[in-house]
There are 2 protein chains.
Amino acid sequence: MPKFDFDIITLGHGSGGLLTHRLLESGVFDILKNDILNQQHDGALLDLSGPVAMSTDSYVISPIFFPGSNIGELAVHGTVNDLAMCGAMARYLTLSFIIEEGLPIEDFWKILVSVKEAAARAGVQIVTGDTKVVEKGKGDGIFINTTGIGPVHPKACIHHNRIETGDAIICSGQIANHGISVMSKRKGLEFESDILSDTTNLNHVVEKMLRQFGMDIHFLRDPTRGGVASVLNEVAGLTGKGYFIEQKKIPLDERVEGACEMLGLDPLYVANEGIFIAMVKKNIAMEFLSFLRNEPEGSHAAVIGEVVDDHPHKVIMKSIIGGKRVVTYLTGEQLPRIC
Amino acid sequence: MPKFDFDIITLGHGSGGLLTHRLLESGVFDILKNDILNQQHDGALLDLSGPVAMSTDSYVISPIFFPGSNIGELAVHGTVNDLAMCGAMARYLTLSFIIEEGLPIEDFWKILVSVKEAAARAGVQIVTGDTKVVEKGKGDGIFINTTGIGPVHPKACIHHNRIETGDAIICSGQIANHGISVMSKRKGLEFESDILSDTTNLNHVVEKMLRQFGMDIHFLRDPTRGGVASVLNEVAGLTGKGYFIEQKKIPLDERVEGACEMLGLDPLYVANEGIFIAMVKKNIAMEFLSFLRNEPEGSHAAVIGEVVDDHPHKVIMKSIIGGKRVVTYLTGEQLPRIC
């Protein structure tokens, strides 16, 4: 960390005046520097051609540091992944902070370092940004918005209307790790756990998948807030098809399963940050799966079910003991501020 | 407003589950609908070619409703204008909400309506978004991030390194109206005033200016947070040139001047949302000014000074009574949360 002449963020750092200027000059611009950000304009000039995708997310996770990651890294991964789920390769990100007065500059710096490192690993550039400060008690440490843009992969054609009866439903990794890691540090709920968030950038593995399987990948979505159950309910609503899954096939770490039981949570509704649900053409499912299992992001991948004509608009799960139940949308809130 | 089955926003509306789905279905998607948003993907597929500009801003203004406008309209104008200041014509916007639990749905709806109307007037589409909810006391009503993208005008070449000695410094309208209108409603500071925020979209007038004057427009910037003084100090720092302005030439409404005196504020540091500072080639300055004065956005425009070789890196103002003083960066905060 460079030497700052202040220890905490104050309202003046959001004034647009000298303190803002100093915070940006001595911190943000320097660590995140690249040719586009260096223009220091309020907007960034980019070169893009052909079809692109754009995605935005505001990250309000609490706490801002959690086992395995922090809000800065999450804010890069999350938006990169949302674009990957559209078949687009994130190239440029914007970065906007809403900081609560009193945030230690050391925490801000750690977050910036994580942003920088995550952006480098994902191969994206932070091209412009914004910093606002709100009074103590009008925010919660730091909120981050990232908005990303990037070209759509030439072989990608990912849309819920491409989902067909018979498609295999694939889950790329163990579910619920992110949510449980965050809950283990949540105020008033702390428990001993060595479960780490699964947050990671999925753009590289998706790029490889698209290159190899192209149009046979019909749909992709990362089951973040609301978990796997919400993704499946959303596509069930949009497509009118039935979605059948088997509980025993869903990848789930024993420790996470135990924590969910302890907390009274259904892992199907718990947030994830480093896995995706794919719906792929039936006849490539096994080849797709073995491809995925050879990638670090997909080593626990499994076919968890299939798209059916029965029970239209509904998600049905066969439980471990053999019964069937409807998996509904999450009603109310289970884990607020998980991303 | 449609009939909602709830009166206030709750944490469940940010869960990613059924309540989020209902809030989006019955409210956001319906009012903002367009072909791209209707895809209801986490990202939007866009068609862009050639050089584009991208800009982001988080809006944390307090109060969220103020004379003449509200945070929703402001969030559209602000980002559209940041792009216009890069010579780019905003085409697509993302829209991301961080809502404090307990926000009346009626307020949220009013904001959405303003977003829709402002986007229509500016000719931009809201293409994707995000909705988060934080607990009471961890936010302040609503914060909004908008990120915009659009093609750079073919005749635009706007950059601080194009500023030349002799350039005229033009202010497109009366200063400080926005800041004073917001302060008149600020908790603990309310005063009687009929001053309205100047917030408006500047993209249409900038497009016309670029068509007519092209490369002779060297630099544009909207003096929002930190006001005119901050913009001039920023370019003074970046270019190393001197910036000389005359107080008597700066457009200022008498009532705003009076309010500033009462509040002990220097209008040069007060935020604006519907004006811009332009640096243009000396020999077109008068023609540019008369063009601008014929536009509704520029009816009070004036040449307020010029770029000089004297006093490098410094902004100097000749006061009404004839003395000269250095106009420095705002130190500390004068008007927090003004945008």
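Cut-offs and rules
Residues numbered from 1 in each chain as written. Chains lettered and ligands numbered in written order. Predicted model: local features only at pLDDT ≥ 70, side-chain atom pairs only at ≥ 80, totals over all residues. Heavy atoms only, no water. Pairing = 2+ DSSP bridges. Helix = DSSP H or I, 4+ residues; strand = E, 2+ residues; numbered from the N terminus. Axes fitted to C-alpha atoms, helices over the stretch in contact; angles between N-to-C directions. Contact = heavy atoms within 4.5 Å. Buried < 20%, exposed > 50% of the residue type's maximum accessible area, 1.4 Å probe, protein only. Arc of directions from axis to C-beta. Polar contact = N/O pair within 3.5 Å; in protein donor to acceptor, adjacent residues only side chain to side chain. Salt bridge = Lys/Arg side-chain N within 4 Å of Asp/Glu carboxyl O. Buried area = accessible area lost by both parts, 1.4 Å probe. Nonpolar A, V, L, I, M, F, W, Y, C, P; charged D, E, K, R; others polar. Phe/Tyr/Trp six-rings, centres within 6.5 Å; stacked < 30°, edge-to-face > 60°. Expected span 1.5 Å × (residues − 1). Least-squares fit on C-alpha atoms with pLDDT ≥ 70 in both. pLDDT = per-residue confidence, 0-100.

All names here are of chain B. Read from one edge of the open sheet, seven strands run β9-β11-β8-β12-β10-β13-β14, paired in mixed fashion. In the strand order of this sheet, the two ends are held by β9 (217-221) and β14 (324-326), each with one partner. Strand after strand, the sheet turns through a mean of 25° between neighbouring axes, direction not considered. As paired elements, strand β10 (residues 242-246) and strand β12 (residues 302-308) share four bridges and run antiparallel to each other. For Y243, the partnering residue across the bridge sits in β12 and is V307. Each of β8 (168-171), β9, β11 (277-280) and β12 is contacted by helix α8 (residues 285-293), which is oriented at about 10° to β8, the strand it contacts most.

Cis peptide bonds are those with omega within 30 degrees of zero, and the linkage from A:S62 to A:P63 qualifies with 0°. Position of A:P63 relative to the elements: it lies in the loop between β2 (51-59) and β3 (65-66). Unusually for a residue other than glycine, A:H311 sits at a positive phi of about 30°. For B:A176, which is not glycine, the phi torsion reads 75° and is therefore positive. Within the fold, B:A176 resides in the loop between β8 and α4 (177-183). Under the relative-accessibility criterion, B:A176 is labelled buried at 0%.

Moving on to helix α7 (residues 254-263) of chain B. All names here are of chain B. Turning to α7, its buried residues are V256, A259 and C260. With its buried residues spanning 100° around the axis, α7 presents them on a single face. Exposed residues lying more than 90 degrees from the buried face of α7 are E254, E261 and M262. Those residues of α7 that are buried lie in contact with α4. With a side-chain oxygen lying 2.6 Å from the backbone nitrogen of R255, the N-terminal cap of α7 falls on D253. G264 sits one or two residues past α7 and shows a positive phi near 70°.

Moving on to the pattern of salt bridges. For the structure on display, the rule yields 30 salt bridges over all chains. The shortest N-O distance in the salt bridge between A:R337 and B:E135 comes to 2.7 Å. On the criterion of chain membership, the pair formed by A:R337 in the segment after β14 (324-326) and B:E135 in the loop between β6 (125-134) and β7 (142-151) is interchain, its members lying in two chains. You can call A:R337 buried: its relative accessible area is 5%. Put simply, A:D57, A:R225, B:D130 and B:K132 are held in one network by salt bridges that share partners.

On to the interface of chain A and chain B, then. Contact with chain A, which involves 75 residues of that partner, is made by 74 residues of chain B. When the two sides are added together, the surface that chain A and chain B hide from each other amounts to roughly 6,000 Å², 59% of it contributed by carbon and sulfur. Here chain A is connected to chain B by eight salt bridges. Its salt-bridge partner being A:R225, residue B:D130 comes within 3.2 Å of it at the nearest N-O pair. Where chain A packs against chain B, one counts 17 residue pairs in polar contact (both at pLDDT 80 or more). Looking at side-chain class alone, the side of chain A that touches chain B contains 29 nonpolar, 31 polar and 15 charged residues.

Where two aromatic rings form a pair, the distance of their centres and the angle of their planes describe that pair. All names here are of chain A. Summed over all chains, the structure comprises seven aromatic pairs over all chains. For the ring pair F97 and F108, a centre distance of 5.0 Å and an interplane angle of 75° mean the geometry is edge-to-face. You can see F97 sitting in strand β5 (residues 92-100) and its partner F108 sitting in helix α3 (residues 105-122), a full eleven residues away along the chain. The burial state of F97 is the same as that of F108; both residues are buried.

Before going further, it helps to spend a moment on helix α2 (residues 71-85) of chain A. Residue and element names in this part refer to chain A. With 15 residues, α2 should cover 21 Å at 1.5 Å per step; its first-to-last C-alpha distance of 20 Å lies within 8% of that length. Its side-chain oxygen placed 2.7 Å from the backbone nitrogen of G72, N70 serves as the N-cap of α2. At the exit of α2 stands G87, carrying a positive phi of roughly 80°.

This next bit is on the relation of the copies chain A and chain B. What connects the two chain copies is a rotation about an axis and a shift along it. Of the transformation placing chain A onto chain B, the axial shift is 0.0 Å and the rotation is 180°, giving an RMSD of 0.0 Å. Both copies are brought into coincidence by an operation consistent with a two-fold rotation axis. When the interface residues of chain A are mapped onto chain B, 99% of them again lie at the interface, so the same face is used by both copies.

A few words on the side chain of A:N145. For A:N145, the position within the fold is in strand β7 (residues 142-151). Only 3.2 Å separates the side chain of A:N145 from the side chain of A:T56, close enough to count as a polar contact.

Residue and element names in this part refer to chain B. Of all five residues in β9, five are buried, a share of seventy percent or more. Pairing of β9 with β11 involves four bridges; the strand directions are antiparallel. Counterpart to R221 in the pairing with β11 is I277.

Our focus in this paragraph is the confidence of the model for chain A. Predicted confidence across chain A gives a mean pLDDT of 92, with 98% of residues reaching 70 or more. Interface confidence for the predicted complex, given as ipTM, is 0.90, next to a pTM of 0.92.

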